[in-house]
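Summary of the model geometry
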Amino acid sequence: RKARHQPSTAQVLQDVANRLHIHCIRCCSAAEIMSVLYFHTMKYRQMEPRHPDNDRFILSKGHAAPLLYAAWVEAGGISEPDLLNLRTINCDLEGHPTPRLSFVDVATGSLGQGLGAACGMAFTGKYLDRASYWVFCLLGDGESSEGSVWEALAFASHYNLGNLVAVFDVNRLGQSGMAPLAHCMDTYQSRCEDFGWNTYLVDGHDLEALCLAFCQAAQVKTKPTAIIAKTFKGRGIPDVEDAENWHGKPMPTERADEVIRLIESQIQTNKNPIPNPPAEGSTQISIITNIKMTCPPGYKVGNKIATQQAYSLALIKLGRANERVVVLDGDPKNSTFSEIFKKEHPEHFTAEQNMVTAFLTRAFDQIRMGAISQTNINLIASHCGVSVGEFGPPKLTLEDLAMFRSVPNCTVFYPRDAVSTEHAVYLAASSKGMCFIRTRGPETAVIYTPQENFEIGQAKVIRSSVNDKVTVIRAGITLHEALAAADALFQQGISVRIIDPFTIKPLDTATIISSAKATGGRIITVEDHYQEGGLGEAVCAAVSGEPDIHIHQLAVSGMPQSGKPSELLDVFGISARHIIAAVKYNLMN
């Protein structure tokens, strides 16, 4: 008799949804979706949010963070009073979720990126971890106009990510008006189906319909699932439901109290459903540190090899020693040499634009969100600088150092030759946080012996004497030009000191300052990059507190054009000829 009076699962979930409404009274369109996800569908350990067997959840519509926090209040991971400290300086419940919270894997809020991150997790779970966890991503209808969402849809379909479920919260309204498709649910459904997704159209406020859709999704193993949920913003709040101009606005206290009383009157139980525990067996992955070379670089001084090719050969060695190495590249993998890695480790290579947009300058927002997410990812750029040659302005990247110097906790490598490139790859692999390595395609001579040691933040003094008059700091290809200039100047009785910084961030400030003081306070920086944000400005910042140091910057001085590398270096003011002229000018003045 007692069993017959137990509340239904749907009622319990509806009561949870109503409590979620109360916790975040201004963000209610997805409350039922979150109730079903967190307390019926997902499998996770409530007290161990980062357990490797847990199902993953990505809140792509990061502005709905209060709803996520409310779910964790009900799950027991946050105390209810903490919600009142939302967005305050001493509280980790920020305006958009970040990994400061243990139950958040990636930062979201720059809309259109969450599904791409979910694809990466699902790909890893299926093909690398071979784990049983599922990945769920909640998207808004407004952000679904972003092209990155559809790139992710294509990626997931291509790789048959049957462990991925995307939920589209179609509430019709954006921040300042209607979303482009409003409530045209058939259009969302047909588009997802056209991209090869298993798709269900549901009432996003119908608990039983949601439970059924997630249950059906679990039976489809060969393709990803999209649940297109028709919802209404401000659901259950009189005069607010489906009304415009309420996005992100707190409800007046008197009105909020009234609405809370209304919703509380609809709650029939105070039962907290307990999520099902996950299956065991996933591999616990910790941050990889202290990776060592299995053998020294296999190059001799004088060998000619492109640093782009050297990085790929280094990745092959790294992949042989560590099965967690995964390489992603775009279609030009044959010109960036990453196809060499693919041939040896095909199961650890993907070539998709959904990784980050293939051109890093186009992907800067994804990069900065990766840094906010505390991502340990290594990005390697090719075709950097005018010295690449005939490709023309669109391919001659001259802004990358400025980009990556501005990214928090990002190490910026600029290796000169194959030996230093291989060291950069290994150091990046064992470094916490994001790393960027700048490489180039044309062959250049190896100048370092295989036994040379490299460390992050330690520059190399390539040439020095007690008679040095000027310190020349250069990076990448301009080292060759600096050495040629030094030889010519030496024949004229002028000795210069040459420094290879190896990392632009962090910069070896101590070596730069001591060298500057030893050469009369005269520094010349030479870089195949625009002046703004590059090596020269990094050196200026490093010595800004030192008196009597003068810096002369040589950098690419205008819009590049096609031409031979030697021609472009000379035309844009960074060849040996220009270095010689700069040294003499500084000595005269």
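Described below are features of the structure shown in this document.

Rules and cut-offs
Residues numbered from 1 in each chain as written. Predicted model: local features only at pLDDT ≥ 70, side-chain atom pairs only at ≥ 80, totals over all residues. Heavy atoms only, no water. Helix = DSSP H or I, 4+ residues; strand = E, 2+ residues; numbered from the N terminus. Buried < 20%, exposed > 50% of the residue type's maximum accessible area, 1.4 Å probe, protein only. Contact = heavy atoms within 4.5 Å. Areas by Shrake-Rupley, 256 points an atom, 1.4 Å probe, with all protein chains shown as cover. Pairing = 2+ DSSP bridges. Axes fitted to C-alpha atoms, helices over the stretch in contact; angles between N-to-C directions. Right-handed = clockwise from strand over helix to strand, strands pointing away. Expected span 1.5 Å × (residues − 1). Polar contact = N/O pair within 3.5 Å; in protein donor to acceptor, adjacent residues only side chain to side chain. Salt bridge = Lys/Arg side-chain N within 4 Å of Asp/Glu carboxyl O.

**Overview of the overall build of the protein chain**
Across its full length, the protein chain carries 19 helices and 18 strands. Across its three principal axes, the protein chain shows a C-alpha extent of roughly 105 × 50 × 40 Å. Counting all 589 residues of the protein chain, 56% fall into the buried class. Looking at the protein chain alone, contacts between residues at least 24 apart form 76% of all its contacts between residues at least 6 apart. Total accessible area on the protein chain stands at roughly 25500 Å², and carbon and sulfur atoms take up 50% of it.

**Quick look at the sheet that holds strand E4 (residues 198-203)**
As summarised here, the arrangement of the 5 strands in space is E1-E2-E3-E5-E4, forming an open sheet in which the pairing is parallel. The open sheet terminates on both sides in strands that have one partner only, identified here as strand E1 (56-59) and E4. Geometrically, the sheet is characterised by an average inter-axis angle of 15 degrees between neighbouring strands, direction not taken into account. When E1 meets strand E2 (residues 135-140), the two strands line up parallel, connected through 4 bridges. Looking at the pairing, Ile 58 lines up with Cys 137 of E2. Running over the sheet, helix H2 (residues 31-41) touches E1, E2, strand E3 (164-170) and strand E5 (225-230) and is turned about 175 degrees from E2. Seen against the sheet, helix H4 (residues 114-128) touches E1, E2 and E3 and runs at an angle of roughly 170 degrees to E2.

**A word on the pairing of strand E11 (residues 434-438)**
In terms of residue burial, E11 counts as a mostly covered element, since 5 of its 5 residues are buried. For strand E10 (residues 410-413) and E11, the ladder comprises 4 bridges, and the chain directions are parallel. Residue Cys 410 lies in a different strand from E11, and its bridge partner there is Met 434. With respect to chirality, the unit in which E10 leads through helix H14 (residues 418-429) into the neighbouring parallel E11 is right-handed.

**Here we look at the environment of Pro 393**
By secondary structure assignment, the location of Pro 393 is in the loop between strand E9 (378-381) and helix H13 (400-405). On the basis of relative accessibility, which here comes to 34%, the residue Pro 393 falls in the partly exposed class. Taking the C-alpha atoms as reference, Pro 393 lies 50 Å from Glu 48; in sequence the two are 345 residues apart. If we skip the residues at most four places from it in the chain, Pro 393 touches Met 559, Pro 560, Gln 561 and Ser 562.

**With respect to helix H8 (residues 253-264)**
Over its 12 residues, H8 runs 16 Å from end to end, which matches the ideal 16 Å to within 8%, given 1.5 Å per residue. Residues of H8 that are buried in the fold lie against helix H1 (9-23).

**Remarks on the side chain of Ser 110**
Here Ser 110 shows up in the loop between helix H3 (65-75) and H4. Of note is the side chain of Ser 110, whose polar atom sits 3.5 Å from the side chain of Gln 113.

**Thoughts on the sheet that holds E10**
Each strand in a sheet pairs with its neighbour through backbone hydrogen bonds, running either in the same direction (parallel) or in the opposite one (antiparallel). Spatial strand order, E9-E11-E10-E16: 4 strands in an open sheet with mixed pairing. Every other strand in the sheet has two partners, leaving E9 and strand E16 (503-505) as the edge strands with one partner each. Each strand of the sheet is rotated relative to its neighbour by a mean of 20 degrees, with strand direction disregarded.

**Side note on unusual backbone geometry**
The amide bond that connects Lys 505 to the next residue, Pro 506, takes the cis arrangement and shows omega of 0 degrees. By secondary structure assignment, the location of Pro 506 is in the loop between E16 and helix H16 (509-518). Phi angles above zero are rare outside glycine, and Asp 548 is one such case at about 65 degrees. Here Asp 548 is to be found in the loop between helix H17 (535-542) and strand E18 (550-556).

**Considerations on the pattern of salt bridges**
Side-chain pairs of opposite charge can arise where the charged atoms are in close proximity. Taken as a whole, this structure holds 15 salt bridges when the rule is applied. The partner of Glu 422 in a salt bridge is Lys 317, with the nearest N and O atoms 2.5 Å apart. Of the two residues, Glu 422 sits in helix H14 while Lys 317 sits in helix H9 (residues 307-321), which places them 105 residues apart along the sequence. Between Lys 517 and Glu 546 there is a salt bridge, and its shortest N-O distance comes to 3.4 Å. A residue pair is termed long-range when its members are at least 10 positions apart, and Lys 517 in helix H16 and Glu 546 in the loop between H17 and E18 qualify at 29 residues. For Lys 517, a relative accessible area of 57% corresponds to the exposed category. The structure contains a network of salt bridges with shared partners spanning Arg 45, Glu 48 and Glu 280.

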